[in-house]
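Here's the letter readout for the chains.
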Amino acid sequence: MTVCRTWTSDGQGAYNGTWKITRKTGAAVAQGRFDGFVANLATTGTFSHIDSFVTRGCNVGCTDWS
């Protein structure tokens, strides 16, 4: 699974950005962790005023956050 991310500073110590899943196989699911809150990711999306955004791929198990 490949999740591409972009982010820029919002000038207030946090970030605004986007993600896009560019490669996925089988029943794999991409997850995002937004300031500690975990959610399954849609194919594309945006976030605003987030201090920390990391992703991982899950199928039978999950990869490390990156």
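Note that the coordinates shown come from a computational prediction; the quantities given were computed from them, not determined experimentally. In every chain, residue numbers begin from 1 and rise along the written sequence. Where local features are concerned, this predicted model is filtered to residues with pLDDT of at least 70; where side-chain atom pairs are given and counted, the filter is 80 or more; whole-chain, interface and lining totals use all residues. Hydrogen atoms and water are omitted, and side-chain values are computed over all heavy atoms in the structure.

Undergrad: I'm lost on the sheet that holds strand 4 (residues 37–40) in this one. Help?
TA: Within a sheet, each strand pairs with its neighbour through backbone hydrogen bonds, oriented either parallel or antiparallel. In space, the three strands of this open sheet follow the order 4-3-6, with antiparallel pairing throughout. One side of each edge strand has no neighbouring strand; the edge strands of this open sheet are strand 4 and strand 6 (53–58). Taken over all neighbouring pairs, the strand axes of this sheet differ in orientation by 25 degrees on average, direction set aside. At least two DSSP bridges between two strands are required for those strands to pair. A run of H or I in DSSP becomes a helix once it reaches four residues, and a run of E becomes a strand once it reaches two; helices and strands are each numbered from the N terminus. Here strand 3 (residues 29–34) runs beside strand 4; their pairing, made up of four bridges, is antiparallel. Bridged to Gly32 within strand 4 is Ala39. Axis lines are fitted through C-alpha atoms, for helices just across the contact stretch, and the angle between N-to-C directions can take any value from 0 to 180 degrees.

Undergrad: Teacher, can you tell me more about the environment of Val29 here?
TA: With respect to the secondary-structure elements, Val29 resides in strand 3. For the pair formed by Val29 and Ser9, sequence separation is 20 residues and the distance between their alpha carbons is 27 Å. Contacts are residue-level and defined by heavy atoms, with any inter-residue pair within 4.5 Å sufficient. Setting aside anything within four residues of it in sequence, one finds Val29 in contact with Met1, Asn40, Arg56, Gly57 and Cys58.

Undergrad: Please clarify how the pairing of strand 6 should be interpreted in this entry.
TA: Within a regular strand, the side chains alternate between the two sheet faces. Most of strand 6 sits out of view: five of its six residues are buried. As paired elements, strand 3 and strand 6 share six bridges and run antiparallel to each other. Bridging across to strand 6, Phe34 finds its partner in Phe53. The classification of residues rests on relative accessible area computed with a 1.4 Å probe and restricted to protein chains. Under 20% of the type maximum is buried, over 50% is exposed, and intermediate values are partly exposed.

Undergrad: What is the right way to read the state of the cysteines from this model?
TA: Simply put, disulfide is the name for a covalent bond between the sulfur atoms of two cysteines. By convention in this document, the label disulfide applies to cysteine sulfur atom pairs within 2.5 Å. Throughout the structure, instances matching the rule amount to one disulfide. The cysteine Cys4 is free of any disulfide, with Cys58 supplying the nearest cysteine sulfur at 18 Å. For Cys4, a relative accessible area of 39% corresponds to the partly exposed category.

Undergrad: Just checking my understanding: could you explain the sheet that holds strand 1 (residues 2–9) for this structure?
TA: Reading across from one edge, 1-2-5 is the order of the three strands in this open sheet, with antiparallel pairing throughout. Since the sheet does not close on itself, it has two edges, and those belong to strand 1 and strand 5 (44–50), each with one partner. Looking at each pair of strands side by side, their axes are set apart by 20 degrees on average, direction ignored. Pairing analysis gives eight bridges linking strand 1 to strand 2 (residues 15–23), with the strands arranged antiparallel. Looking at strand 2, one finds that Cys4 is bridged to Lys20.

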